[in-house]
Amino acid sequence: MTLASVRGSLARARTAAWLGWQVEGNWADPVLFAIYVLARPLATALILAAMYGAVRAHGGAAGPVAAAAFTGFFVANAFHNYANQVLVGLGWAVFDEREQYETLKYVYASPVGMFTYLAGRSLVKYALATVSVLATLLVGWFLLGVRWDWAHVQWLPLSVATAAGLAATLFLGFLLAGWSLVLARAAMVALEGVSLASYLLCGVIFPIDLLPSPVRWIALGLPFTWWYEALRRFLAGHGTLGMMQRFTDAQVLQWLGLTTVVFAVLARWGYFAFEREARRLGRLDQTTLF
Amino acid sequence: MSGSLAALAPIERRPRHTGARLFVQALLARSYVRLVGSLREPTWMISDAVFPNLGMCGFVLLYRALGAPRSYEALALIGGVLTTYWINVLWGMGAQLYFEKMQGQLQLYFAAPCSRLAILSGMALGGLVITVLRSLVGVAIGVWVFHIQVAPFSPWVLVGVFVLTMVALYALGMTLSSLFLLYGREAWHTANALQEPVYFLSGLYFPVRTLGALGAVAAGILPLTLGTDALRQVVLGPAAHGLLPLGKECLALAGFGALFLVLASRSMAYLEALAKREGRLTQRWQ
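Residues numbered from 1 in each chain as written. Chains lettered and ligands numbered in written order. Predicted model: local features only at pLDDT ≥ 70, side-chain atom pairs only at ≥ 80, totals over all residues.

Let us look at the overall build of chain B. When you go through chain B residue by residue, the secondary structure sums to 13 helices and 0 strands. Helices (α) and strands (β) of chain B occur, in sequence order from the N terminus, as α-α-α-α-α-α-α-α-α-α-α-α-α. For chain B, buried positions account for 49% of its 286 residues. Of the contacts formed within chain B by residues at least 6 apart in sequence, a portion of 81% connects residues at least 24 apart. (Helix = DSSP H or I, 4+ residues; strand = E, 2+ residues; numbered from the N terminus. Buried ≥ 20, exposed ≤ 12 C-beta atoms within 10 Å, placed from the backbone. Contact = placed C-beta atoms within 7 Å.)

This is the structure in structure tokens:
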């Protein structure tokens, strides 16, 4: 790979990001668009806070351990916006281009390349998710009293974990985008299902101990489970109670790294396999009027 | 030749039925399409019956993690079941005319010789029937997966409150559908943006009373808030931590139903005329 080809890819990704921004944001003025982007994550955060408040008002969830546990769930819920926006959003981009605007075939016919195009589209999704995460954490900190001790924040492991988590999100996003190429009408359902299943499987708002035993093993095989545990430990200062306590901080990072690499390799291979299959089945320009 | 032309001359045909009979027939016809359409695509059944309950499972497990009383799990279960209806109202009613526009068949609705309200009512009836069946999945998950138990209650009162809630909720959906008629992508985004905030304002996963004054305001705007609270009071009694006495909530729900039905009728007539004047009825990909 030469420097010129890297520059070419970056330029194409930048163009795709600009196009993605136009698709995502040009239907509304900036204020309305900001409300739209923030409404969903903030509402979910407020639901969690109201649930915690209701339990506390009736004598449950008392003490610093419960408060720390809730802080951990709240932080993980905030970062789960990346999964909602990027992981699932790339699949939606494929679905929208094919079904809604009927432009996917033109993207294929252009010299950009679908993989680079999706990478560019992901940049906008990352930006929107970052805004959502920050807004959720700020609302939590200033309005809901969800706070942590900054002195206990472990910046280096937190940065490493965040980089790995974001990479895992992107690669799994590619896999879902590839899957969406093959699925026709069912893509909508599959994407929504993955979004909700990831919320349950990764123990975003509860310890994975509460999941049935076989499902718990699936949860441990997902990079997001380890990413959210790392966020709880390195940002909020407390890991989840239960089986996750068996793992040291270093082991959490190791498992996060390992599962991320495995998923990255699988996702890249899976994306191109799905793409080939979609071409063979003639799905790239198939519309179903869902 | 002239004889055959004379036979073709009276092209203006009157509909076989008019008035109330036509209204009911159009209503039943649209309900039939909604029912058959919903059952024809198996993946939609999964998305409508199972997915709303996955979120509910997460919230029930959060209550367990926080050591909440078991009655809170029942609260979340009832809320989770009601999300199925809100999703149907939002996407199956509110955004439906936008989908029809995108598929290029909205103009057929307006060319039909029946009342628009009959079509909307048919969509509501068909959607409600199919959603009742799907919401049973949530009840099954609550009973068999989470082993949630409740004290005995009157099924007749439950049915009465449920009907009042659904009339108010689907009448709101009919009003939303006419509002969305004007819009393109905004309709999709608005429906998306209304989902979780309404879950929050309706207290679907926690007692509405927790919201304090905000809960009271929400109850004055959203029938789902009052309906959720009323249904919980019927099923859970005092453990529901109700917002208002059940009788008052039922009266308010009946008022909501009447108000939104009138609003739906008026807004449909007004917005249809506006959409025609601005040439948006057949506009696609905007």
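Glancing now at the overall build of chain A. On a plain count of helices and strands, chain A comes out with 10 helices and 0 strands. Helices and strands appear in chain A in the N-to-C order α-α-α-α-α-α-α-α-α-α. Taking 290 residues into account, the globule formula puts the C-alpha radius of gyration at 19 Å, and chain A, at 20 Å, falls close to it. For chain A, the spread of C-alpha atoms along the three principal axes comes to 60 × 40 × 40 Å. Excluding contacts between residues fewer than 6 apart, the proportion of contacts in chain A whose partners are at least 24 apart in sequence is 82%. (Rg over C-alpha atoms; globule rule 2.2 N^0.38 Å.)

Moving on, we get to helix α10 (residues 249-281) of chain A. Residue and element names in this part refer to chain A. Here α10 spans 46 Å end to end across 33 residues, near enough to the 48 Å set by a 1.5 Å rise per residue. Within the span of α10, buried status applies to Val-252, Leu-253, Leu-256, Thr-259, Thr-260, Phe-263, Tyr-271, Phe-274, Glu-275 and Ala-278. Buried residues along α10 sit against α5 (114-142), α6 (155-182) and α9 (223-236). Trailing α10 by a residue or two, Gly-282 shows a phi angle of about 70 degrees, which is positive. (Expected span 1.5 Å × (residues − 1).)

So, on to the interface of chain B and chain A. Listed per partner, the contact involves 36 residues of chain B and 37 residues of chain A. Counting residues per element, the ones that place at least two in the side of chain B that touches chain A are α3 (42-49), α4 (51-66) and α10 (185-201) of chain B. No other element matches the 12 residues that α4 of chain B contributes to the side of chain B that touches chain A. When grouped by side-chain class, the residues that make up the side of chain B that touches chain A number 23 nonpolar, 8 polar and 5 charged. (Nonpolar A, V, L, I, M, F, W, Y, C, P; charged D, E, K, R; others polar.)

Take the packing of helix α2 (residues 30-57) of chain A against α4 of chain B next. Direction vectors running N to C along α2 of chain A and α4 of chain B enclose 40 degrees, while the axes themselves pass 11 Å from each other. With respect to α4 of chain B, the element α2 of chain A is oriented oblique. Crossing hand, α2 of chain A versus α4 of chain B: right-handed. Facing Met-51, Tyr-52 and Val-55 of chain A of α2 of chain A, the residues of α4 of chain B in contact are Phe-59, Leu-62, Tyr-63 and Leu-66 of chain B. Residues of the contact of α2 of chain A with α4 of chain B, tallied by class, amount to 7 nonpolar, no polar and no charged. (Axes fitted to C-alpha atoms, helices over the stretch in contact; angles between N-to-C directions. Parallel < 35°, antiparallel > 145°, perpendicular 65-115°, else oblique. Left-handed = near helix turned anticlockwise from the far one by under 90°.)

This next bit is on the confidence of the model for chain A. Taken over all residues, the pLDDT of chain A has a mean of 90, while the share at 70 or more is 98%. For chain A, per-element mean pLDDT is lowest for helix α1 (residues 3-25) of chain A, which scores 84, and highest for α9 of chain A, which scores 96. (pLDDT = per-residue confidence, 0-100.)

Let's shift gears to the confidence of the model for chain B. Residue and element names in this part refer to chain B. With 90% of its residues at a pLDDT of at least 70, chain B reaches an overall mean of 85. No element of chain B has a lower mean pLDDT than helix α1 (residues 2-8), at 53, and none a higher one than helix α12 (residues 223-236), at 95. Confidence estimates for the predicted assembly give a pTM of 0.88 and an ipTM of 0.89.

An α-helical turn contains 3.6 residues, so a residue and the one three or four places further along point in the same direction. Residues and elements named next belong to chain B. For helix α13 (residues 246-277), with 32 residues, the first-to-last C-alpha span of 46 Å sits near the 46 Å given by 1.5 Å per residue. Those residues of α13 lying buried are Glu-249, Cys-250, Ala-252, Leu-253, Phe-256, Gly-257, Phe-260, Leu-261, Ala-264, Met-268 and Ala-275. In this structure, the buried residues of α13 make contact with α8 (116-145), α9 (155-180) and α12. Phi turns positive one or two residues past the end of α13, at Gly-279, with a value near 65 degrees.

What follows concerns the packing of helix α5 (residues 70-94) of chain B against α12 of chain B. Residues and elements named next belong to chain B. Contact pair α5 / α12: the axes reach a minimum separation of 10 Å and the direction vectors enclose 135 degrees. Relative to α12, the element α5 lies oblique. Considering the relative orientation of α5 and α12, their crossing is right-handed. From α5, Ser-71, Ala-74, Leu-75, Ile-78, Gly-79, Leu-82 and Trp-86 reach across to α12, where they touch Leu-224, Thr-228, Leu-231, Arg-232, Val-235 and Leu-236. Split by residue class, the contact of α5 with α12 holds 9 nonpolar, 3 polar and 1 charged.

This part takes up unusual backbone geometry. In most cases, non-glycine residues show a negative phi, while peptide bonds are predominantly trans. Located in the positive-phi region is His-147 of chain B, a residue other than glycine, with phi close to 55 degrees. Position of His-147 of chain B among the secondary structure elements: in the loop between α8 and α9.

Let's shift gears to the environment of Val-146 of chain A. Residue and element names in this part refer to chain A. Residue position: Val-146 is located in the loop between α5 and α6. In this structure Val-146 comes out as buried when scored by C-beta crowding, with 24 C-beta atoms within 10 Å. Along the backbone, Val-146 and Leu-176 are 30 residues apart, and their C-alpha atoms lie at a distance of 33 Å.

So, on to the nonpolar core. By size, the foremost hydrophobic cluster in this structure holds 174 residues, and its most contacted members are Met-51, Trp-227 and Leu-231 of chain A together with Leu-62, Tyr-63 and Tyr-170 of chain B. Not counting the four nearest positions on each side in its chain, Met-51 of chain A is found in contact with Phe-59, Leu-62, Tyr-63, Tyr-205 and Phe-206 of chain B. (Core = buried A, V, L, I, M, F, W, Y, C linked by C-beta atoms within 7 Å.)

Residues and elements named next belong to chain A. Secondary-structure assignment places Ala-167 in helix α6. As for Ala-167 and Thr-287, which are separated by 120 residues in sequence, their C-alpha atoms are 31 Å apart. Aside from chain neighbours lying at most four places away, what touches Ala-167 is Thr-260 and Ala-264.

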